[in-house]
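# Commentary on secondary and tertiary structure
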Amino acid sequence: GLGEPGGSLGRGHVMPEPTLYLFDGYNVLHAAGLEERHELIDSLASFVAIRGARGVVVFDGVGRDEQFGPLEVRFAAHADAVLERLAAEHRDRERVCLVSSDAAVRGTSGQEVAKISSREFASTLESVEHSEDSASRVRDRLDPATRDRLERLRRADGGFDFVGAAQNVDLD
């Protein structure tokens, strides 16, 4: 998994999957070759959700802090300082993985924190994206509880196929 001590995906002693991912926003955005923040946020939200983990992505600058399922989006004057503080706060009670190519941030986050470079992570993210080409269907973007509710509505009504109709909606 992505939780190797010392921060690589190489072989050796494998830690359990991280429960909290900390992302250096613009650092990962550029490594992934993306243009827009929302593209990265969508990808990261899917990434952490699929793993049953939580994530915090921190961008330098001003913006509105938001929550997208298990992913928290934050803005700060100094994203690096926020990432370091979050790593320090959580590393004793959670398996934390820091995603950044900033050597200073990686160095000060503590040895208990797994680290991975933004470029290395971006290639992992790309393979996740390609394995989810069907994820543009609304059905696949819904959480299981919402899918179940829609399915129950569909069956109770007997008429309109909510899930079938939702498959034909283009969200992009």
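As a starting point, this report considers the structure included with it. (Residues numbered from 1 in each chain as written. Predicted model: local features only at pLDDT ≥ 70, side-chain atom pairs only at ≥ 80, totals over all residues. Heavy atoms only, no water.)

### Some remarks on a negative patch on the surface
Cut-off, in case you're wondering: The patches reported here contain residues having more than 30% relative accessible area and no salt bridge. Joining distances are 9 Å for like charges and 5 Å for nonpolar side chains (Val, Leu, Ile, Met, Phe, Trp, Tyr). Under the convention used here, a 1.4 Å probe and the Shrake-Rupley method define accessible areas, while residue burial counts only the protein chains that appear. One side-chain nitrogen of Lys or Arg within 4 Å of one carboxyl oxygen of Asp or Glu is enough to make a salt bridge. Under the convention used here, Asp and Glu are negative, Lys and Arg are positive, and both His and the chain ends fall outside the count. Lysine's charge is taken at NZ, arginine's at CZ, aspartate's at CG and glutamate's at CD. Each helix is a run of DSSP H or I of at least 4 residues and each strand a run of E of at least 2, with the numbering of both proceeding from the N terminus.
The grouping of E35, E36, E39 and D42 at the surface amounts to a negative patch. Summarising the element assignment, E36 is placed in the loop between α1 (25-31) and α2 (37-50).

### Looking at the pairing of strand β2 (residues 54-60)
This is how the line gets drawn: Burial here depends on accessible area, computed with a 1.4 Å probe over protein chains only, as a share of the maximum for the residue type. Under 20% is buried, over 50% is exposed, and the range in between is partly exposed. Think of it this way: DSSP has to see at least two bridges between two strands before they count as a pair.
Of all seven residues that make up β2, five are buried, and the element is covered over most of its length. Summarising the sheet, strand β1 (residues 20-24) and β2 pair through five bridges and their orientation is parallel. Across the sheet, the residue bridging to F23 is V57, located in β2.

### Comments concerning the side chain of S118
To be explicit about the condition: Polar contact is defined as a pair of N or O atoms within 3.5 Å, subject to the rule that within protein one atom must be able to donate a hydrogen and the other to accept it, and that residues adjacent in sequence are counted only when both atoms are side-chain atoms.
Mapped onto the elements of the fold, S118 is located in helix α5 (residues 118-131). The exposure class of S118 is buried, given its relative accessible area of 0%. In terms of polar contacts, S118 uses its side chain to reach the side chain of N27, at 2.3 Å.

### Here we look at helix α3 (residues 79-90)
Put simply, the test is: By this rule, a helix spans an expected 1.5 Å times one less than how many residues it contains. Arc definition: it is the arc formed by the directions from the helix axis to the C-beta atoms. Contacts: residue pairs with any heavy atoms within 4.5 Å of one another.
In this model, α3 (twelve residues) spans 17 Å end to end at C-alpha, consistent with the 16 Å of a helix rising 1.5 Å per residue. Considered for burial, the residues of α3 that qualify are A79, V82, L83, L86, A87 and H90. End-on, the buried residues of α3 take up no more than an arc of 135 degrees, which puts them together on one face. Residues of α3 that are buried sit in contact with β1, β2, β4 (71-76), β5 (96-99) and α4 (103-108).

### Thoughts on the nonpolar core
To be explicit about the condition: Within this scheme, the nonpolar core is defined by two criteria: the residues are buried Ala, Val, Leu, Ile, Met, Phe, Trp, Tyr or Cys, and they are joined through side-chain atoms within 4.5 Å.
Membership of the largest hydrophobic core comes to 22 residues, with the highest contact counts inside it found for F23, L44, L71 and F121. Going through the elements one at a time, β1, α1, α2, β2, β4, β5, β6 (114-116) and α5 are the ones with two or more residues in this core. In terms of residue count, the dominant contributor to this core is α2 (six residues). Residues contacting F23, with those up to four places away along its chain left out, are L44, F47, V48, G55, V56, V57, V58, L71, L83, V99 and F121.

### A word on the packing of aromatic side chains
By convention here, two paired aromatic rings are described through the distance between centres and the angle between planes. As a reminder, the rule being used: Each Phe, Tyr or Trp ring, with Trp reduced to its six-membered ring, pairs with another whose centre is within 6.5 Å; inter-plane angles below 30 degrees give stacked pairs, above 60 give edge-to-face pairs, and intermediate values give tilted ones.
One pass over the structure, following the stated rule, counts seven aromatic pairs. Aromatic side chains F23 and F121 sit 5.3 Å apart centroid to centroid with 50 degrees between the ring planes, which places their arrangement in the tilted category. Of the two residues, F23 is situated in strand β1 and F121 in helix α5; the sequence distance between them amounts to 98 residues. As far as the burial class goes, F23 and F121 line up, both buried.

### Focus on the pattern of salt bridges
All told, the structure shown has five salt bridges when counted by the stated rule. With its nearest N and O atoms 2.5 Å apart, the salt bridge here joins E94 to R54. Pair noted here: E94 is in the loop between α3 and β5 and R54 is in strand β2, with a separation of 40 residues, a long-range link. When its relative accessible area of 36% is taken as the criterion, R54 is described as partly exposed. A salt bridge links R91 to E112; the nearest nitrogen and oxygen atoms lie 3.6 Å apart. Taken as a pair, R91 in the loop between α3 and β5 and E112 in the loop between α4 and β6 lie far apart in primary sequence, 21 residues in all. For R91, a relative accessible area of 23% translates into the label partly exposed.

### Regarding the sheet that holds β5
Our working definition: Here, axes are lines fitted to C-alpha atoms. For helices the fit covers the stretch in contact, and angles between N-to-C directions go from 0 to 180 degrees.
The six strands lie next to each other as β3-β4-β2-β1-β5-β6, forming an open sheet whose pairing is mixed. A strand with exactly one partner marks an edge of an open sheet, and here the two such strands are β3 (66-68) and β6. Strand after strand, the sheet turns through a mean of 20 degrees between neighbouring axes, direction not considered. The pairing of β3 with β4 spans three bridges and is antiparallel. Residue pairing in the sheet places E66 in a bridge with V73 of β4. Strand contacts of α3: β1, β2, β4 and β5, with the helix running at about 155 degrees to β2, the strand carrying the most contacts.

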